[in-house]
Amino acid sequence: MRILLFGATGMVGSRIAAEALSRGHEVTAVSRSGKPVGDATSVTGDASDAAKVAELAAGHDAVASALAPPRDGSAPAAPFLAANAAVVDGVRASGINRLVVVGGAGSLEVAPGKDLVDQPDFPDLYKAESLAQRDALGYYRTVNDIDWTYISPAALIEPGERTGTFRIGGDRLLADAEGNSRITAEDYAIAFVDELEKTAHPRARIGVAY
């Protein structure tokens, strides 16, 4: 596949690029800096510019987005939502029908109708980021003309071992017997590229955790 990847220089995006490249896919890594990402073709680009998204997407088989809002809440959520809408508009204009998105864990349910981000013990540091991601998920659920998939990680995602062993869920937060919800960025990347290859969950949110 030829994959256009936004947010390619981040912790998760760089691992998605590495996983896709290891499987023989061609990756065009887009970032504002144009910083090299492994053996990917690195280009500069702004995901909030729909026309630029469409231009860059031409000739690719799928678009992947690893965009993330500021973790510290230093910027309002609206620009992040607008960037996601611009990516969708650009993908739509390009004629590509496949978009896979790195989502957040905060919108996963800990009980029916109760999201993780709304729980009293949810860390303040991640709240603004999680609310912005939840807004983005709500937006994607209104898109019915593109095969998007929004992939939420476990409550804790961090660099670590690539094991290839994990679970795929839906809207419910996945946790182990001790109540821990975690995934390495390396294993998350496996699930992400699997979804790019197989389109197993079109127009849906899935979760990935141990």
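The preceding data block contains the structure.
Please read these numbers as outputs of a predicted model, since none were measured by experiment. (Residues numbered from 1 in each chain as written. Predicted model: local features only at pLDDT ≥ 70, side-chain atom pairs only at ≥ 80, totals over all residues. Heavy atoms only, no water.)

Draft legend 1. Summary view of the pattern of salt bridges. Counted by the stated rule, this structure contains 16 salt bridges. Here E19 ties to R162 by a salt bridge, and the two come within 2.9 Å at their closest N and O atoms. On the criterion of sequence distance, the pair formed by E19 in helix α1 (residues 11-22) and R162 in the loop between β9 (156-158) and β10 (167-169) is long-range, its members being 143 residues apart. A single salt-bridge network, built from bridges that share partners, covers E19, R23, R162, D194 and E197. (Salt bridge = Lys/Arg side-chain N within 4 Å of Asp/Glu carboxyl O. Helix = DSSP H or I, 4+ residues; strand = E, 2+ residues; numbered from the N terminus.)

Draft legend 2. Expanded view of the packing of aromatic side chains. For the coordinates displayed, the defined rule picks out four aromatic pairs. Consider the rings of Y140 and Y150, whose centres lie 6.3 Å apart with planes at 50°: the pair is tilted. One end of the pair, Y140, is in helix α4 (residues 124-140); the other, Y150, is in strand β8 (residues 147-152), with 10 residues separating them in the sequence. In this structure, Y140 and Y150 share a single accessibility class: buried. An aromatic cluster of at least three residues, connected via ring pairs, comprises Y139, Y140, W148 and Y150. (Phe/Tyr/Trp six-rings, centres within 6.5 Å; stacked < 30°, edge-to-face > 60°. Buried < 20%, exposed > 50% of the residue type's maximum accessible area, 1.4 Å probe, protein only.)

Draft legend 3. Layout of the sheet that holds β8. Across the sheet, which stays open at both edges, the eight strands sit in the order β3-β2-β1-β4-β5-β8-β12-β10 with mixed pairing between neighbours. Every other strand in the sheet has two partners, leaving β3 (41-44) and β10 as the edge strands with one partner each. The mean inter-strand angle of the sheet, taken between neighbouring strand axes irrespective of direction, is 25°. Sheet analysis places strand β4 (residues 62-65) next to strand β5 (residues 98-102), joined by three bridges and oriented parallel. By the bridge assignment, S65 is partnered in β5 with V101. The sheet contacts of α4 involve β5, β8 and β12 (204-209), and relative to β8 the element is tilted by about 155°. (Pairing = 2+ DSSP bridges. Axes fitted to C-alpha atoms, helices over the stretch in contact; angles between N-to-C directions. Contact = heavy atoms within 4.5 Å.)

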